[in-house]
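# Architecture at a glance
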Amino acid sequence: MPRQQRCLSVASAQLAGPVVAPGAGVDEAVAGFVTGKRKATEVAHAVWRSIVQKGDTVVDATCGNGNDTFALLKMVADESGRGRVYGMDIQDTAIDSTSSFLKMAVDSREMELVKLFPICHSRMEEIVPKDSPVRLVAFNLGYLPGGDKTIVTVPKTTELALQAASRIVSSGGLISVLVYIGHLGGRAQLSFVESFAPSMSFDTWMSCKFEMIHRPVAPLPVLIHAQEVITVFGVCKGEIAQHKRQAMGSQSKK
Ligand SMILES: C[S@@+](CC[C@H](N)C(=O)[O-])C[C@H]1O[C@@H](n2cnc3c(N)ncnc32)[C@H](O)[C@@H]1O
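The shown structure was predicted, so the numbers you read here are calculated from the model rather than taken from an experiment. (Residues numbered from 1 in each chain as written. Predicted model: local features only at pLDDT ≥ 70, side-chain atom pairs only at ≥ 80, totals over all residues. Heavy atoms only, no water.)

Per the secondary structure count, the protein chain includes nine helices and 10 strands. Going through the 254 residues of the protein chain one by one, you find that 46% of them count as buried. Put simply, 73% of the contacts in the protein chain that link residues at least 6 apart link residues at least 24 apart. As displayed, the protein chain has an accessible area near 13,300 Å², and 58% of this comes from carbon and sulfur atoms. (Helix = DSSP H or I, 4+ residues; strand = E, 2+ residues; numbered from the N terminus. Buried < 20%, exposed > 50% of the residue type's maximum accessible area, 1.4 Å probe, protein only. Contact = heavy atoms within 4.5 Å. Areas by Shrake-Rupley, 256 points an atom, 1.4 Å probe, with all protein chains shown as cover.)

Here it is in structure tokens:
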């Protein structure tokens, strides 16, 4: 998404309330991960909870058995019925599994907020409405647990999907990638994600990964945050700084 479109005015940010909700659970999840008591998924979910708000639109790019879809639904669902979870998976069995799980775990009002599609995640822009700012796109790379282990996410489509995610995630939002490396092709996925993140603009994105050195095949959460670009009187702060630098440069030449 173009930088200008992701600009957020100071006034509208204040009216809308805090963009980032209180970070409930992140400290505990990270401390637990460091001491080997909490899983990578718990770290990812805690970070999601600190960013996602009730009523948000979020995307689960790899539904699998629906655990992440369920977690996301609980984060966005409220009485207003505004929240939406757009979920996708290339396998019909995964979509069925997610759908069955949700039907058991949530009520019909919450179920209405989830839209599931049996498609490749590289096509996510086709299903998320253009006028819905997306707070989070979550990827859980690898194979369907309990399913066909030969059907895995691959770097080529992951790249297209990450590019699509970077176009739809709004300012202050997050792309979350949980990378499993214990299966064939897992390391290649990690190498790809590690090279993709720093290729994104340093002005607008911030990324990090959590890696267990003592557990070399443990899954790694890679988190890519869309930095908030603050505008003052309609001009991005970064641009103001650039104008100042240019002005100072032209003065010193005189
Ligand atoms: C590790 S599982 C996801 C687990 C899931 N998030 C959960 O909570 O149960 C990875 C999933 O990615 C799916 N997948 C593989 N390639 C995909 C693609 N190109 N687009 C969408 N889903 C894909 C697989 O079918 C598999 O179900």
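Moving on, we come to the layout of surface pockets. There is about 600 Å³ of room inside the second largest pocket. Forming the walls of the second largest pocket are 31 residues, and the residues nearest its centre are N140, G142, Y143, L144 and P145. Counting only elements with at least two residues in the lining of the second largest pocket, the list comes to α3 (40-51), α4 (67-76) and β5 (134-141). Across the lining of the second largest pocket, the residue classes break down as 14 nonpolar, 15 polar and two charged. (1 Å grid on protein atoms, 1.4 Å probe; cavity = no way out; pocket = protein on both sides within 12 Å on 5 of 7 lines; lining within 4 Å. Points joined across faces, edges and corners; volume = space filled by probe spheres on them. Nonpolar A, V, L, I, M, F, W, Y, C, P; charged D, E, K, R; others polar.)

With 81% of its residues at a pLDDT of 70 or more, the protein chain shows a mean pLDDT of 86. Here residues 1-24 scores under 50 on pLDDT; set against residues more than four positions off or in separate chains, the count is 48 contacts. When the criterion is pLDDT under 50, residues 238-245 qualifies, and its contacts beyond four places in sequence or with other chains add up to five contacts. (pLDDT = per-residue confidence, 0-100.)

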